[in-house]
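Okay, here's what each chain looks like letter by letter:
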Amino acid sequence: MRSLDEAINAGQSGADGGRWVIRGGRLLSADAEPVVVDLVIDGERVAAVEPAGTADAGPVFDAAGLDIAPGAIDLHVHLRDPGQTHKETVETGTAAAAAGGTTLVCDMPSTQPQVTTVDRYVAKRDAWTGRAAVDYALWAGGTDPDQLRGMAAAGAVGVKIYMATSPGFDQLYSPDDTAVRRVLRVSAELGWAVSVHAGDQAASDAHRAELIRAGRRTPADVLAVTRGPGNLAGLRSVLTAATDLRQPVHLAHLSAYGTAALDEFVRARAEFPRLTAESCFPALSEEEDLPRLGVYALPTVFSAAARDRFVDAIADGTIDAIATDHAPHTRDEKDPGRHDAWAAPPGYPALETSLPLAYDALLAGRLDPRRFVDALAGAPARILGLARKGRIAPGCDADLVLLDPAGSWRVDESTMHSLVGWSPLHGRELRGRLVATYLRGRSIARGGDIMYPGGGQFVRRSTGRAVAAGGPGSTEKVPGAAERRSS
Ligand code: DOR
Ligand code: ZN
């Protein structure tokens, strides 16, 4: 039997065609207890999951003592390409993903120009070709029904609705309930995913203006608006619209809005179970990190109580998915916020630490293995309608990570891949260590090193119909699962 190092060094690759075996790793999955298995890979796909020590199909690599899990699927990233490539590029952002165990990113339409037309969608899609280290899907934006239909045909997995606006988001803006409902109706027809940045711009603007008039300008003041009545009102209104129209809606970055938003979501989902929500894995503390990091920690920090609520909600499946809202800004852009927090753009790089944070929580006993897998991979794949992603099962893409539960590491921004070169988690010690990331059978990252850049492919929905949001461990079959429409 060969060592796993050999497998990784050889870039053991689906592209090389053959069958090979990862022997004796502990498979984590959404629908079964962890079990030590042999995993048979054939080309780009998982061929079989067999009892440990029994598979005999080509080269065999030793994964004893390691955990095997699906690569993460991040529903919400801002890779800034095209348009703001001083912050992030396809190459750097997807390298951060690969190095952190994320094998598919779903990029928001807030790149420049904003992705509101078929022409812009196709131009962005084509411009990413051959440059990404991981697979990628792209959200559509805007409100024009004809353009939305065209972007769906061009491969958009869904639409991002912005109920709030800011520079660079103006064309994505749905200014009122009528605009939101128009997009929801088109989406019902298309059967694609709908992600919503909830808000009420006028109410938030008024709140901000009132604080500024009172001379308030600390990170806590900015947080008060983010978690304030405007965003909560917007949240309630889109939850009502989705429920009225019976159109599944996914709530982006619920964690940014605080625990009151979680309460609203729980209430609405009791009435309409096809609502879904995402949170980053809670990491930054309001008591310790916010005073130290200031605007570098905005917009998502957690009080001790909120952190417990959100971790519990991820752990019990109330919150479906872990997504980063990876939003890199340079230090030069963030720094003016040291004196006036309103002057800094919100967001921080998070892709490279997302799966590692969840694995740390798994090892600490805060997240069981089923939820670890479903929140990072299973649920995002269902929400996006990607039949061959998000699980390790025969016929699925061999997108996976090998994790060492006995290892540990310290987050070091100087070795990370995001172009901005900083991480709010710099210095944090995490349990567990990501050993390797595989994309469609090929080793793309080992530890922090990128082994194979540029092999990521564009991914579109496997089906034109919406996929019901299954609960934790759902094994729901997607119609047309055998057919891959793209990539
Ligand atoms: O914090 C955020 N930053 N939230 C968003 O929705 C946008 C993002 C960005 O683009 O920087
Ligand atoms: Zn975002």
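Residues numbered from 1 in each chain as written. Chains lettered and ligands numbered in written order. Predicted model: local features only at pLDDT ≥ 70, side-chain atom pairs only at ≥ 80, totals over all residues. Heavy atoms only, no water.

A. Spatial organisation of the overall build of the protein chain. Scanning the protein chain from terminus to terminus reveals 14 helices and 18 strands. The C-alpha atoms of the protein chain give a radius of gyration of 21 Å, which matches the 23 Å a tight globule of 487 residues would have. With the principal axes as the frame, the protein chain shows a C-alpha extent of 70 × 50 × 40 Å. Burial statistics for the protein chain: of 487 residues in total, 60% are counted as buried. Taking as baseline every contact in the protein chain between residues at least 6 positions apart, the subset at least 24 positions apart corresponds to 76%. Summing over all exposed atoms, the protein chain offers an accessible surface of approximately 17,200 Å²; the carbon and sulfur share of this is 50%. Put simply, the protein chain has 52 plus and 61 minus side-chain charges, and the middle of one group is 3 Å from the middle of the other. (Helix = DSSP H or I, 4+ residues; strand = E, 2+ residues; numbered from the N terminus. Rg over C-alpha atoms; globule rule 2.2 N^0.38 Å. Buried < 20%, exposed > 50% of the residue type's maximum accessible area, 1.4 Å probe, protein only. Contact = heavy atoms within 4.5 Å. Areas by Shrake-Rupley, 256 points an atom, 1.4 Å probe, with all protein chains shown as cover. Lys, Arg positive; Asp, Glu negative; His and termini not counted. Charge placed at Lys NZ, Arg CZ, Asp CG, Glu CD.)

B. Quick peek at the site of ligand 1. Every residue lining ligand 1 is accounted for by His-78, Arg-80, Phe-169, His-197, His-253, Pro-299, Asp-325, Ala-327, His-329, Pro-346 and Gly-347. Burial of ligand 1 by the protein amounts to 92% of the accessible area it has alone, namely 290 Å². Class assignment for the residues of the shell around ligand 1 results in four nonpolar, five polar and two charged. (Near = heavy atom within 4 Å. Nonpolar A, V, L, I, M, F, W, Y, C, P; charged D, E, K, R; others polar.)

C. Broad picture of unusual backbone geometry. Here the bond from Asp-81 into Pro-82 is cis, since omega is 10°, no more than 30 degrees from zero. For Pro-82, the position within the fold is in the loop between strand E7 (72–77) and helix H2 (90–99). Cis geometry marks the peptide bond from Gln-112 to Pro-113; its omega dihedral reads 0°. Structurally, Pro-113 can be placed in the loop between strand E8 (102–107) and helix H3 (118–127).

D. Spotlight on the nonpolar core. Counting 103 residues, the largest nonpolar core has Leu-251, Leu-254, Phe-281 and Phe-372 as its most contacted members. Excluding residues that lie within four positions of it along the chain, Phe-372 makes contacts with Leu-28, Ala-69, Leu-355, Ala-358, Tyr-359, Leu-362, Leu-367 and Leu-403. (Core = buried A, V, L, I, M, F, W, Y, C linked by side-chain atoms within 4.5 Å.)

E. Fine view of the sheet that holds strand E11 (residues 193–197). Pairing is parallel in the open sheet, where five strands are placed in the order E10-E11-E12-E13-E14. Two strands lie at the open edges of the sheet, namely strand E10 (158–162) and strand E14 (321–322), each paired on one side alone. Two elements, E11 and strand E12 (residues 250–251), share two bridges in a ladder whose sense is parallel. Residue pairing across strands places Ser-195 opposite His-250, the latter belonging to E12. (Pairing = 2+ DSSP bridges.)

F. Inspection of the pairing of strand E16 (residues 429–439) at higher detail. Where burial is concerned, most of E16 is hidden: eight out of the eleven residues are buried. In this structure, strand E15 (residues 400–410) lies alongside E16, joined through eight bridges in antiparallel fashion. Looking at the pairing, Ser-408 lines up with Arg-431 of E16. With four bridges connecting them, E16 and strand E17 (residues 442–446) associate as antiparallel partners. The residue of E17 that forms the bridge with Thr-437 is Ala-445. Adjacent in sequence and paired antiparallel, E16 and E17 are bridged by two residues, among which Arg-440 carries a positive phi angle near 40°.

G. Focus on the sheet that holds E8. On the basis of which strands lie adjacent, the open sheet formed by three strands has the order E7-E8-E9 and parallel pairing. In this open sheet, the two edge strands, each paired with only one partner strand, are E7 and strand E9 (135–138). Pairwise comparison of adjacent strand axes, ignoring direction, gives a mean angle of 20° for this sheet. Of the strand pairs in this sheet, E8 and E9 are connected by four bridges, and their pairing is parallel. Counterpart to Asp-107 in the pairing with E9 is Leu-138. (Axes fitted to C-alpha atoms, helices over the stretch in contact; angles between N-to-C directions.)

H. Layout of the side chain of Arg-460. Secondary-structure assignment places Arg-460 in the segment after strand E18 (449–450). Asp-126 is the oppositely charged side chain nearest to the buried, salt-bridge-free Arg-460, at an N-O distance of 8.2 Å. Within the structure, the side chain of Arg-460 is placed 3.3 Å from the backbone oxygen of Ala-153, a separation counted as a polar contact. (Salt bridge = Lys/Arg side-chain N within 4 Å of Asp/Glu carboxyl O. Polar contact = N/O pair within 3.5 Å; in protein donor to acceptor, adjacent residues only side chain to side chain.)

I. Up close: the environment of Val-238. Mapped onto the elements of the fold, Val-238 is located in helix H8 (residues 229–245). On the accessibility criterion, Val-238 (0% relative accessible area) is buried. The contact partners of Val-238, leaving out residues within four places of it in the chain, are Met-163, Val-180, Val-196, Ala-198 and Leu-251.

J. Structural detail: the side chain of Ser-279. Along the chain, Ser-279 falls in strand E13 (residues 276–279). Other than its neighbours up to four places away in sequence, Ser-279 contacts Ser-255, Phe-310, Ile-314, Ile-319, Ala-321, Ile-322 and Ala-323.

K. Structural context of the packing of aromatic side chains. Tallied over the full model, the rule gives nine aromatic pairs. Aromatic pair Tyr-121 and Phe-458: ring centres 6.5 Å apart, planes at 70°, arrangement edge-to-face. Of this pair, Tyr-121 sits in helix H3 while Phe-458 sits in the segment after E18, and the two are 337 residues apart along the sequence. You can call Tyr-121 buried: its relative accessible area is 1%. Assessed through its relative accessible area of 10%, Phe-458 is described here as buried. Through a chain of ring-to-ring contacts, the aromatic side chains of Tyr-121, Trp-128, Tyr-136 and Phe-458 assemble into a single cluster. Sitting above the plane of the Phe-458 ring, Arg-125 keeps its charged end 5.8 Å from the centroid. Positioned above the aromatic ring of Tyr-452, the side-chain terminus of Arg-442 is 3.6 Å from the ring centre. (Phe/Tyr/Trp six-rings, centres within 6.5 Å; stacked < 30°, edge-to-face > 60°. Lys NZ or Arg CZ within 6 Å of the ring centre and 35° of its normal.)

Fair warning: the whole summary comes from geometry, so function is off the table for now.
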